[in-house]
Amino acid sequence: MPTARLLLCLLLAVTLRPASAQSRRRAQLTNPATTNTPVPVVAAPQARLLEGMVVRSSIMNQAVRYSIYLPPDYYTSNRRYPVVYLLHGYGDNETSWVQFGEADRTIDEGVRSGELAPCIVVMPNGGTSYFINDFRQQVRYEDMFVQELIPHIDSTFRTRTQREFRAISGLSMGGFGSLVLAMHHPNLFGSCAALSAAARTDEMIAAMPAERYNQTLGPVMSGPVNGNDRLTLTWKRNSPITLAQSAPVADLQKVRWYIDCGDDDALSEGNAVLHIALTKRQIPHEYRVRNGAHNWAYWRGSLPDVLRFFATEFHR
């Protein structure tokens, strides 16, 4: 009998002790005077990077992937933000600007320091399309970009939709694409920054080794042809140098231009010709040549200046 009574007492002690502790904890939380422990502070959401996003394109007849960077206060404010479209190079994809270019870290640091305006950055997957419509009109990437991707972003996220708050940039193939999209659609973009753009003269295109041309530009511009047969209507319509020489001056003047290419880059000659073409037509633009080659070290070093260039328009 004493043993049973002892077991009962122990059971009651175990049962009641947690309840008593819970009661004291509730009292501490509801009566601040009873405790000196500070109330926990929940940190605000950090900048968000969303990968694996898709826009379902009827023009491309497929889902087009993109990554998107949202600024630190996106989920704690009701404001709308400027948008930067950031295009990758040949052989890369929608994750490359973050994986290799550290774009999210660069933007975070710039926003914290006050050098950059908070903005949304969209990084779409362009495959090997050069971000244009191909010569067969089977891969209509430009049409998808303008008619589906931009409206999708503007309707899904809190963007500022005026052209002065929409900028576009890219490296290599993406530099080519950013130039062409801005030159074709000056009413959509307020600023364009091309890094190591794949800008070539007609002579450079005609002289490209066949294997290289047929692998990269051929599927987009002409099919497997040689010499001057490569100078198709599709090439002429999409050559940044040709557009700089022939597009209406009033259209080119609508966009703020920034061109940057390393002095050791094989594409430096084409970028220099593009700079000269814009200069001859008195189109205001920024032109940079720094020490460097065609690699991520150069582009990571270029991105902060590009974003500051955009910020001057976003900030007014």
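Rules of the game
Position labels on residues start from 1 in each chain and follow its written sequence. The predicted nature of this model means local features are confined to residues of pLDDT at least 70 and side-chain atom pairs, given and counted, to a pLDDT of 80 or more, with totals for whole chains, interfaces and linings taken over all residues. The side-chain values count all of the structure's non-hydrogen atoms but skip hydrogen atoms and water molecules. Under the scheme applied here, a residue whose accessible area is under 20% of the maximum for its type counts as buried, over 50% as exposed, and between as partly exposed, the area being computed with a 1.4 Å probe on protein chains only. A run of H or I in DSSP becomes a helix once it reaches four residues, and a run of E becomes a strand once it reaches two; helices and strands are each numbered from the N terminus. By definition, residues are in contact when any of their heavy atoms lie within 4.5 Å. Only Phe, Tyr and Trp rings take part, Trp by its six-membered ring, and two of them pair if their centres are within 6.5 Å. Stacked means planes under 30 degrees apart, edge-to-face means over 60, and tilted covers everything else. Here, a charge over a ring is recorded when the distance from Lys NZ or Arg CZ to the ring centre is within 6 Å and its angle to the ring normal is within 35 degrees. Throughout, an axis means a line fitted to C-alpha atoms (over the contacting stretch in the case of helices), and angles, computed between N-to-C directions, take values from 0 to 180 degrees. The labels follow the angle: roughly parallel below 35 degrees, roughly antiparallel above 145, roughly perpendicular from 65 to 115, and oblique for the rest. For a crossing to be left-handed, the near helix must be turned anticlockwise from the far one by less than a right angle; the clockwise case is right-handed. Note that Gly is not counted as nonpolar here; it falls among the polar residues with everything else outside the nonpolar set of Ala, Val, Leu, Ile, Met, Phe, Trp, Tyr, Cys and Pro and the charged set of Asp, Glu, Lys and Arg. We call two strands paired when DSSP finds no fewer than two bridges between them.

Turning next to helix 3 (residues 103-113). Think of an α-helix as 3.6 residues a turn; residues three or four steps apart then line up on the same face. Those residues of helix 3 lying buried are Ala103, Thr106, Ile107, Asp108, Gly110 and Val111. For helix 3, the secondary structure elements touched by its buried residues are strand 2 (62-70), strand 3 (83-87), helix 2 (96-99), strand 4 (120-124) and helix 13 (296-315). Count one or two residues on from helix 3 and you reach Gly114, which has phi positive near 85°.

Here the focus is the packing of aromatic side chains. Given two aromatic rings, one states the distance between the centres and the angle between the planes to describe the pair. The tally for this structure, following the rule as stated, stands at 13 aromatic pairs. Pairing Phe131 with Tyr141 gives two aromatic rings, centres 5.3 Å apart and planes at 85°, and the pair type is edge-to-face. Here the residue Phe131 occupies a position in the loop between strand 4 and helix 4 (141-156), and Tyr141 occupies one in helix 4, the gap between them amounting to 10 residues. Considered together, Phe131 and Tyr141 belong to a single accessibility category, that of buried residues. Note that Arg158 overlies the ring of Tyr74, its terminal NZ or CZ placed 4.1 Å from the centroid. Between the NZ or CZ atom of Arg160 and the centre of the ring of Phe165, over which it lies, the distance is 5.7 Å.

This part covers the packing of helix 3 against helix 13. The relative placement of two packed helices comes down to the angle between their axes together with the axis-to-axis distance. At a minimum axis distance of 10 Å, the contact between helix 3 and helix 13 shows a crossing angle of 50°. Looking at the two axes, helix 3 sits oblique to helix 13. Where helix 3 crosses over helix 13, the handedness of that crossing is right-handed. Across the interface between the two elements, Ala103, Thr106 and Ile107 of helix 3 pack against Leu303, Pro304 and Leu307 of helix 13. In the contact of helix 3 with helix 13, the residues fall into five nonpolar, one polar and no charged.

What follows covers unusual backbone geometry. A positive phi angle, near 55°, is found at Asn61, a position not held by glycine. Inspection of the secondary structure puts Asn61 in the loop between strand 1 (48-57) and strand 2. Here Asn61 falls in the exposed class, since its relative accessible area comes to 69%. A positive phi is found at Ser172, a non-glycine position, where the angle reads about 55°. Inspection of the secondary structure assignment puts Ser172 in the loop between strand 5 (166-171) and helix 5 (173-184). Ser172 gets classed as buried once you look at its relative accessible area, which sits at 12%.

Each strand in a sheet pairs with another by means of backbone hydrogen bonds, the pair being arranged parallel or else antiparallel. Here eight strands make up an open sheet; going across it, the order is 1-2-4-3-5-6-7-8 and the pairing mixed. The sheet terminates laterally at strand 1 and strand 8 (285-288), the two strands that pair on one side only. Each strand axis lies, on average, 20° off the axis of its neighbour in the sheet, ignoring direction. Here strand 2 runs beside strand 4; their pairing, made up of four bridges, is antiparallel. For Ile68, the partnering residue across the bridge sits in strand 4 and is Val122. Packing against the sheet, helix 12 (residues 268-280) makes contact with strand 7 (256-260) and strand 8, and its axis sits at approximately 155° to strand 8.

Treat this as a map of the structure, not an account of what it does.
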